[in-house]
Amino acid sequence: LDWFWVFDLPADPSTIWKFIADSSRMNRALGMAEMTFVEKDGVRRGTARNGGVHHEWVEVPWSWVSGRWLTCTRIYEAGFSRVLYAIHRIEPLGTGTRLYLYFGAIPRSLVGAAALRLCHHLHNLREHRFASDFLRRQRRRMTGCFTIV
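Residues numbered from 1 in each chain as written. Predicted model: local features only at pLDDT ≥ 70, side-chain atom pairs only at ≥ 80, totals over all residues. Heavy atoms only, no water.

A. Looking closely at the packing of aromatic side chains. All chains considered together, the criterion is met by four aromatic pairs. Judged by centre distance (5.7 Å) and plane angle (70 degrees), the rings of W5 and F103 are edge-to-face. Of this pair, W5 sits in strand β1 (residues 2-9) while F103 sits in strand β7 (residues 96-107); the two residues are 98 residues apart in sequence, bridging distant segments of the chain. The class for W5 is buried, based on a relative accessible area of 4%. Given a relative accessible area of 11%, F103 falls into the buried group. (Phe/Tyr/Trp six-rings, centres within 6.5 Å; stacked < 30°, edge-to-face > 60°. Helix = DSSP H or I, 4+ residues; strand = E, 2+ residues; numbered from the N terminus. Buried < 20%, exposed > 50% of the residue type's maximum accessible area, 1.4 Å probe, protein only.)

Dropping the structure here:
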């Protein structure tokens, strides 16, 4: 399953990067379930309860170039997915920043696929609301357009 969004935001790349790089803050703003992490034998493991289901995963070390892009991979041992990929990329525009968001998931089952589609539909609505709220906060300080492709 794949999801891809493009947002044109009226803020400079360094401002957008601060939001993207602070994933805990971003997840809270989007209303995501709280995640708990522990490190055991050099492996970072995460757990959360989404959609009433316990999810458990191995958090693969993230890759990024500060101010430009970051990637995240999670290998699930329990929950709706087998694996989740996320890519966040920003690029400067003349009047702001273009933000690309990609999420890919390999579901564990048909039920997992249906649940992921529903969860990502709700996440999509939150992403749009978050971007709209960001636009309202920035409108007084900056000019530009907001387009969802």
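B. A look at the pairing of strand β4 (residues 53-65). In terms of strand pairing, strand β3 (residues 43-50) meets β4 through six bridges, oriented antiparallel. In the sheet register, R45 faces β4, and the bridge partner there is V58. The hairpin formed by β3 and β4 contains two residues between the paired strands, and G51 there has a positive phi angle of roughly 60 degrees. Bridge count between β4 and strand β5 (residues 69-78): eight bridges; the pairing is antiparallel. Considered in β5, the bridge of E59 is made with R74. (Pairing = 2+ DSSP bridges.)

C. Quick look at the nonpolar core. One finds W5, F7, I16, I20, L99, L101 and F103 to be the most contacted residues of the largest nonpolar core, which totals 21 residues. Contributions of two or more residues to this core are made by β1, α1 (13-21), β5, β6 (81-93) and β7. (Core = buried A, V, L, I, M, F, W, Y, C linked by side-chain atoms within 4.5 Å.)

D. Molecular detail of the pairing of β6. In this sheet, β6 lies alongside β5 in antiparallel orientation, the contact comprising seven bridges. Paired with T73 across the two strands is Y85, which belongs to β6. The antiparallel pairing of β5 with β6 creates a hairpin that spans two residues between the two strands, and G79 there sits at a positive phi of about 120 degrees. Count of turn residues in the β6/β7 antiparallel hairpin: two residues.

E. Examining the side chain of E59 more closely. Position of E59 relative to the elements: it lies in strand β4. Given a relative accessible area of 9%, E59 falls into the buried group. Within the structure, E59 has its side chain in polar contact with the side chain of W57 (distance 2.7 Å). Here E59 is in contact with F37, R44, C72, T73 and R74, once residues within four sequence places are set aside. (Polar contact = N/O pair within 3.5 Å; in protein donor to acceptor, adjacent residues only side chain to side chain. Contact = heavy atoms within 4.5 Å.)

F. Broad picture of the pattern of salt bridges. One pass over the full model with this rule turns up four salt bridges. Notably, a salt bridge pairs R45 with E77, separated by 2.9 Å at the nearest N-O pair. On the criterion of sequence distance, the pair formed by R45 in strand β3 and E77 in strand β5 is long-range, its members being 32 residues apart. For R74, the salt bridge goes to E59, with nearest N and O atoms at 2.6 Å. Placement of R74 in strand β5 and of E59 in strand β4 is noted, with a sequence separation of 15 residues between them. Side by side, R74 and E59 carry an identical accessibility label, which is buried. (Salt bridge = Lys/Arg side-chain N within 4 Å of Asp/Glu carboxyl O.)

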